[in-house]
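Listed here are the chains, written in short residue letters.
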Amino acid sequence: TGAEKRLKMASKDQNAVKESDKKKSRRQPRAFDFSKHPSRQVALEIAYVGWDFKGFASQDDSDETIEGHLFSALKKTCLIESRATSHYSRCARTDKGVSALGQVISIRLRSTISTGLGVFPPS
């Protein structure tokens, strides 16, 4: 009957989707080559509500800090390779649960700008 045919077709479509998901999950993400891109030193002014964080500065016993989340986001977006290579500097820090407005950090980020003040060519 028509209902049985539709059910078989739907089952085939679901199997095809499952197979394509398996193929995608087997792929290894390509490593980003930072040596091919210029970088530049920038100052970032940030503000945050620190109620749910354990302060601004990174801590050995917790990743629930503003810096921890900041570096996680910068790595995920391939703006920095690592904290060690980012030439990072902060102006101050806050305690657990404290918010801030106008906190300034200096950091070297990957850039699309290839010339100018504070720009470092690809290595």
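Quick summary incoming for the structure in this document. Given the structure is predicted, the values throughout are model-derived calculations rather than measurements. (Residues numbered from 1 in each chain as written. Predicted model: local features only at pLDDT ≥ 70, side-chain atom pairs only at ≥ 80, totals over all residues. Heavy atoms only, no water.)

Bringing unusual backbone geometry into the picture now. Even without being glycine, C78 reaches a positive phi, approximately 60°. With respect to the helices and strands, C78 occurs in the loop between α2 (66–76) and β2 (89–90). Notably, H87 is not glycine yet its phi reads approximately 50°, a positive angle. Mapped onto the elements, H87 comes out in the loop between α2 and β2. (Helix = DSSP H or I, 4+ residues; strand = E, 2+ residues; numbered from the N terminus.)

On to the pattern of salt bridges. This model, assessed by the stated rule, comprises three salt bridges. Salt-bridge contacts for K36 lead to D33; the nearest nitrogen and oxygen are separated by 4.0 Å. Judged by relative accessible area, which is 62%, K36 ranks as exposed. One salt bridge connects E67 with R83, and the closest N-O pair in it is separated by 3.2 Å. With E67 in helix α2 and R83 in the loop between α2 and β2, this pair connects stretches of sequence that are 16 residues apart. Looking at E67, the relative accessible area reads 0%, which means it is buried. (Salt bridge = Lys/Arg side-chain N within 4 Å of Asp/Glu carboxyl O. Buried < 20%, exposed > 50% of the residue type's maximum accessible area, 1.4 Å probe, protein only.)

Evaluation of the coordinates by the stated rule reveals three aromatic pairs. On the basis of an interplanar angle of 70° and a centroid distance of 4.8 Å, the ring pair of F32 and F34 is categorised as edge-to-face. Their ring planes at 25° and their centres at 5.7 Å tell us that Y48 and F56 sit as a pair that is stacked. On the basis of relative accessible area, F56 is assigned to the buried category, the value being 0%. Taking NZ or CZ as reference, R108 lies 3.5 Å from the ring centre of F120, over its face. (Phe/Tyr/Trp six-rings, centres within 6.5 Å; stacked < 30°, edge-to-face > 60°. Lys NZ or Arg CZ within 6 Å of the ring centre and 35° of its normal.)

Pairing between the strands of a sheet comes from backbone hydrogen bonds, and it takes one of two forms, parallel or antiparallel. Spatially, the four strands line up as an open sheet ordered β2-β3-β1-β4, and their pairing is antiparallel. Each edge of the open sheet is held by one strand with a lone partner, namely β2 and β4 (119–120). Taken together, the 10 bridges between strand β1 (residues 39–48) and strand β3 (residues 100–110) define a ladder with antiparallel strand orientation. Looking at the pairing, A43 lines up with S106 of β3. Together, β1, β2 and β3 form the strand contacts of α2, whose direction differs from that of β3 by roughly 35°. (Pairing = 2+ DSSP bridges. Contact = heavy atoms within 4.5 Å. Axes fitted to C-alpha atoms, helices over the stretch in contact; angles between N-to-C directions.)

Inspection of the secondary structure assignment puts S82 in the loop between α2 and β2. Look at S82 and you get partly exposed, because its relative accessible area is 22%. Sequence separation between S82 and F71 is 11 residues; the distance between their C-alpha atoms is 8.0 Å. Of note is the side chain of S82, whose polar atom sits 3.1 Å from the side chain of T85. (Polar contact = N/O pair within 3.5 Å; in protein donor to acceptor, adjacent residues only side chain to side chain.)

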